[in-house]
Amino acid sequence: MANNHTQQGNAPQRPVISTQRKEMMMAILIQNPAAFRTVREELKPEHFGGFEIYYSVLWKVVLDFYDSHDELPDKSLLVAAVEEITDGDVEVLNDEEYNRLSEFIDYAYAPDSFKHPVETYKHYADWAVKICKNFLEERLAVEVQALVQDTTDHVPMNLPEAL
């Protein structure tokens, strides 16, 4: 019988989430209120530090907007909020990152990016929540791996706490 997980020791594994799936996840999370509300407490801007920094900025903007208005921003409000945060004295994103974020926003809100309305389609919400949980597992695995990576002469004292 085929197994979808590879085995290394006793720990089941799965392939990492592709960039395309992460982009689709984010496009759904920033537009679908049900998906957003499901993950908003667990998914933090700092989770994107190892992925793409502009997603961290995007997620912070969306969280702040939702906290202030109790709804998700539409494209024009999102673009305005991103411009406000990136036009400050401190450079939040460099030009390349800002351009990639702009391209992502264009993709996320393009009418032909998704077959069904992103804001209301339950299957998109369910899928995005599932991918987000997998994404958070990946982030945790990376953190734990970094914590135990150099254990030649030392053992992490806070390993149970970190896990």
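In this text, all values refer to a predicted model and were calculated from it rather than measured experimentally.

Visitor: Quick question: what am I supposed to make of the pattern of salt bridges here?
Guide: Close approach of charged atoms allows side chains of opposite charge to pair. If you walk through the whole model with that rule in mind, you get six salt bridges. In this structure, the salt-bridge partner of K22 is E138, at a minimum N-O distance of 3.9 Å. In this pair, K22 is assigned in helix α1 (residues 19-29) and E138 in helix α6 (residues 122-148), connecting sequence segments 116 residues apart. Accessibility classification places K22 together with E138 in one group, the buried group. The salt bridge partner of D67 is R40, with a shortest N-O separation of 2.5 Å. Here D67, found in helix α3 (residues 53-69), pairs with R40, found in the loop between α2 (33-39) and α3; they are 27 residues apart in sequence, far enough to count as distant. According to the relative accessible area criterion, R40 is partly exposed, its value standing at 22%.

Visitor: Just to check I follow, could you spell out the packing of aromatic side chains for this structure?
Guide: To describe a pair of aromatic rings, you give the distance between the ring centres and the angle between the ring planes. Under the defined criterion, the tally for this structure stands at 10 aromatic pairs. For the ring pair Y55 and F104, a centre distance of 5.1 Å and an interplane angle of 80° mean the geometry is edge-to-face. Taken together, the residues Y55 in helix α3 and F104 in helix α5 (residues 95-109) connect sequence positions 49 residues apart. Across the pair, exposure class does not vary: Y55 and F104 are buried alike. An angle of 50° between the planes, with centres 6.0 Å apart, marks the rings of F104 and Y107 as tilted. Placement of the pair is F104 and Y107 together in helix α5, with a separation of three residues, close to one helical turn. By relative accessible area, which is 4% here, F104 ends up buried. In this structure Y107 comes out as partly exposed when scored by relative accessible area, which is 27%. The structure contains a cluster of three or more aromatic residues connected by ring pairs, namely F48, Y54, Y55, F104, Y107, F114, Y121, Y124 and F135.

Visitor: Looking at this structure, how should I read the packing of α1 against α5?
Guide: Helix packing for two helices is described by the angle between their axes and how far apart those axes are. Where α1 contacts α5, the axes come no closer than 9 Å and their chain directions differ by 70°. By the angle between their axes, α1 is roughly perpendicular relative to α5. In the crossing of α1 with α5, the sense of the turn from one axis to the other is right-handed. For the pair α1 and α5, contact is made by E23, M24, M26 and A27 and by F104, Y107 and A108, respectively. Classifying every residue of the contact of α1 with α5 gives six nonpolar, no polar and one charged.

Basis of the calculations
- Residue indices begin from 1 for each chain and proceed along its sequence in written order.
- It should be noted that, the model being predicted, local features are given only for residues of pLDDT at least 70 and side-chain atom pairs only at 80 or more, the latter also being counted only at that level, while totals for whole chains, interfaces and linings use all residues.
- Calculation of side-chain values draws on the structure's entire complement of heavy atoms; hydrogens and water are dropped beforehand.
- Any carboxyl oxygen of Asp or Glu that lies within 4 Å of a side-chain nitrogen of Lys or Arg is treated as forming a salt bridge with it.
- Only DSSP runs of H or I covering at least 4 residues are called helices, and only runs of E covering at least 2 are called strands; the numbering of each starts at the N terminus.
- Relative accessibility under 20% of the residue-type maximum defines a buried residue, over 50% an exposed one, and the middle range a partly exposed one, all with a 1.4 Å probe and only protein chains included.
- Two rings from Phe, Tyr or Trp (for Trp, the six-membered ring) form a pair when their centres are within 6.5 Å of each other. A pair whose planes differ by under 30 degrees is stacked, one over 60 is edge-to-face, and the rest are tilted.
- The axes are straight lines fitted to the C-alpha atoms, using for helices just the contacting stretch, and the angles between their N-to-C directions are given from 0 to 180°.
- Any angle from 65 to 115 degrees is called roughly perpendicular, while one under 35 is roughly parallel, one over 145 is roughly antiparallel, and all others are oblique.
- With the far helix as reference, a near helix turned anticlockwise by less than a right angle produces a left-handed crossing, and one turned clockwise produces a right-handed crossing.
- Note on contacts: a residue pair is in contact if any heavy atoms of the two residues lie within 4.5 Å.
- Residues were grouped as follows: Ala, Val, Leu, Ile, Met, Phe, Trp, Tyr, Cys and Pro as nonpolar; Asp, Glu, Lys and Arg as charged; and all remaining residues, including Gly, as polar.

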